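Structural overview
Spelled out from the first residue to the last, the chains are:
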Amino acid sequence: MSEIHRIRCGNVNCYIVENGSGGVLVDTGRREFARRVLEACRRYRVRLIVLTHGHFDHAENAAFLSEALGVPIGMSGRDLDLISSNANQALSAETLLGKVVLSASLREFSRRSMRVFEPEVLLQEGDCLTDYGIDARIVALPGHTEGSIGLDVEETNLVVGDALMNMFYPTVSMLFHNREAMLESAEKISTLGRRMLYFGHGRPVSNRRWVK
């Protein structure tokens, strides 16, 4: 049975999904937390880095950690344009708090740039990660970005990236590239059944109260 280890990197979460024989790092955090994430990875046999999406707060350390660990990077091909600039996919917000977060995010997008990397593994809906040592499959969750993905681990745990967030309570992301797609992804998550949800922002919770 796999275990999921949360690595808190400021207000962003990274996760290691592992079962003793192999492991996958999900997201890499901002550069300020590169060493923290690397030290966590070295406790396990991490064999793949999976990026839930291409925003810098989740992907900024991808190139560094890939080299340090000697493992490939996997992500959706629909987010490749975000590697060169996070401004390549426009974001919107509807709530007042969302607009505040959007303004801060856009400032960060203009100030920071990721070290360019080329993912060796392009992930899409239904891809299995058994070759990397864990029982998990990829779930496409577009909306926050075009290529947002999640990991369904043993059909009991779901890493959702920023498709949902739990800053104050579980909800859809405050920021979105495509609102309709984001809402469809949230509906998709609910139809998967009971899961423990692991967010890119906020503490994990069970979805048992709102599953279909």
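Residues numbered from 1 in each chain as written. Predicted model: local features only at pLDDT ≥ 70, side-chain atom pairs only at ≥ 80, totals over all residues. Heavy atoms only, no water.

**Description of the state of the cysteines**
By definition, a disulfide is the covalent link that joins the sulfur atoms of two cysteine residues. Convention followed: Two cysteine sulfurs form what is called a disulfide whenever their separation falls within 2.5 Å. Per-residue accessibility, obtained with a 1.4 Å probe over protein chains only, is compared with the maximum for each type, and a residue is labelled buried under 20%, exposed over 50%, and partly exposed between these values.
Counting across every chain of the model gives zero disulfides. With no disulfide of its own, cysteine 14 lies 4.0 Å from the sulfur of cysteine 9, the closest cysteine sulfur. Taking the relative accessible area as the measure of exposure, cysteine 14 reaches 0% and is therefore buried.

**What to know about the sheet that holds strand 8 (residues 149–153)**
To keep it simple, the criterion reads: Strands are treated as partners if at least two bridges between them are detected by DSSP. Secondary structure elements are taken from DSSP: a helix is a run of H or I of four residues or more, a strand is a run of E of two residues or more, and numbering for both begins at the N terminus.
With respect to topology, five strands assemble into an open sheet ordered 7-8-9-12-13, the strand pairing being mixed. What marks the edges here is a single partner per strand, and that holds for strand 7 (136–140) and strand 13 (205–206). Here strand 12 (residues 196–199) pairs with strand 13 via two bridges, running antiparallel. Considered in strand 13, the bridge of leucine 197 is made with valine 205.

**Here we look at the environment of isoleucine 134**
What counts here: Only heavy atoms enter the contact rule, under which two residues are in contact if any of them lie within 4.5 Å.
Within the secondary structure layout, isoleucine 134 lies in the loop between strand 6 (121–122) and strand 7. Judged by its relative accessible area of 1%, isoleucine 134 falls in the buried class. Taking the C-alpha atoms as reference points, isoleucine 134 and threonine 95, 39 residues apart in sequence, are found 38 Å from one another. Discounting residues that sit within four places of it in the chain, isoleucine 134 has contacts with Ser2, Val17, Glu18, Asn19, Gly22, Gly23, Val24, Leu129 and Leu151.

**Some words on helix 6 (residues 179–191)**
Convention followed: A helix is expected to reach a length of 1.5 Å times the quantity of its residues less one. Pairs of N or O atoms within 3.5 Å make up the polar contacts considered here, provided that, within protein, one atom can donate a hydrogen while the other can accept it, and that residues adjacent in sequence are counted only when both atoms are side-chain atoms.
With 13 residues, helix 6 should cover 18 Å at 1.5 Å per step; its first-to-last C-alpha distance of 19 Å lies within 8% of that length. Against strand 9 (157–161), strand 10 (164–165), strand 11 (171–172) and strand 12 lie the buried residues of helix 6. Between the side-chain oxygen at the start of helix 6 and the backbone nitrogen of glutamate 180 there is a gap of 3.2 Å, and the oxygen is on asparagine 178. In the segment just after helix 6, glycine 193 is the residue with positive phi, at about 95 degrees.

**Some remarks on the pairing of strand 12**
Judged from the four bridges that link them, strand 9 and strand 12 form a sheet pairing that is parallel. Paired with glycine 161 across the bridge in strand 12 is phenylalanine 199. Linkage of strand 12 to strand 13, two consecutive antiparallel strands, is achieved through a turn of five residues, within which glycine 202 is found at a positive phi near 110 degrees.

Worth remembering: the numbers are spatial, not functional.
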